Amino acid sequence: MKNYGFTKISSKTLKMSDSAWETVPMAELDWFGFSPSKGYPSTNVKGVYSDEGLTLLYRTSERPSDVLARFHGKNEQVCLDSCVEFFFKPLPEKDDRYMNIELSAGGGMLIGLGEARKGRIRPEFELSDFEIETEILDDGWRAKLFVPFS
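The structure displayed is predicted, hence computed values, not measured ones. (Residues numbered from 1 in each chain as written. Predicted model: local features only at pLDDT ≥ 70, side-chain atom pairs only at ≥ 80, totals over all residues. Heavy atoms only, no water.)

(A) Here's a closer look at the environment of Asn3. Looking at where Asn3 falls in the secondary structure, it is placed in the segment before strand S1 (7-8). Linking Asn3 and Ala27, residues 24 residues apart in sequence, is a C-alpha distance of 9.1 Å. (Helix = DSSP H or I, 4+ residues; strand = E, 2+ residues; numbered from the N terminus.)

(B) Layout of the packing of aromatic side chains. Here the structure, examined in full by the defined rule, presents four aromatic pairs. Aromatic pair Phe86 and Phe88: ring centres 4.9 Å apart, planes at 25 degrees, arrangement stacked. Look at Phe87 and Tyr98: their rings are 5.8 Å apart centre to centre, the planes differ by 45 degrees, and that puts the pair in the tilted class. Here Phe87, found in strand S5 (residues 83-88), pairs with Tyr98, found in strand S6 (residues 98-104); they are 11 residues apart in sequence, far enough to count as distant. Residue classification places Phe87 among the partly exposed residues on the basis of a relative accessible area of 42%. According to the relative accessible area criterion, Tyr98 is partly exposed, its value standing at 21%. One cation-aromatic arrangement involves Lys74 over Phe125; the distance from NZ or CZ to the ring centre is 5.7 Å. In this structure, Arg120 packs its charged tip against the face of Tyr98, placed 4.4 Å from the ring centre. (Phe/Tyr/Trp six-rings, centres within 6.5 Å; stacked < 30°, edge-to-face > 60°. Buried < 20%, exposed > 50% of the residue type's maximum accessible area, 1.4 Å probe, protein only. Lys NZ or Arg CZ within 6 Å of the ring centre and 35° of its normal.)

(C) Here's a closer look at unusual backbone geometry. Here Asn75, not a glycine, exhibits a phi torsion of approximately 50 degrees, which is positive. Located in the positive-phi region is Glu131, a residue other than glycine, with phi close to 45 degrees. Considering the arrangement of structural elements, one finds Glu131 in the loop between strand S8 (118-121) and strand S9 (133-137). Judged by relative accessible area, Glu131 falls into the partly exposed class, the value being 23%.

Treat this as a map of the structure, not an account of what it does.
This is the structure we're talking about:
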């Protein structure tokens, strides 16, 4: 198991273009649970937190001609697009359920809450609460996601 420490910031969140990201440590993502033989692009993430929530900045080297960015709404099948996913246990001392947030290159998002494939629910949320930014680049794509503690 790898560990990654989020950097504390004083503002609520950072914009994708904020120069403060340059000093935030990066974690290279190297585990792909669904189809390891598929040949996934290089992907990394940086994370910061504030009193209001977590902010993640993803960067992938997926070829622009391969990037799929069709989904832009909430609780859509973003896994059919180019996407990244964040797993965490919000209350590990009190609750064994984990949350996963899938984010597509088009800014669509899917949230699941529950235990490994049993009793999973799709909680209601407002997409605007997550302050999503995405950008397709000449050498890949990147996405910024703010996850409010609320």
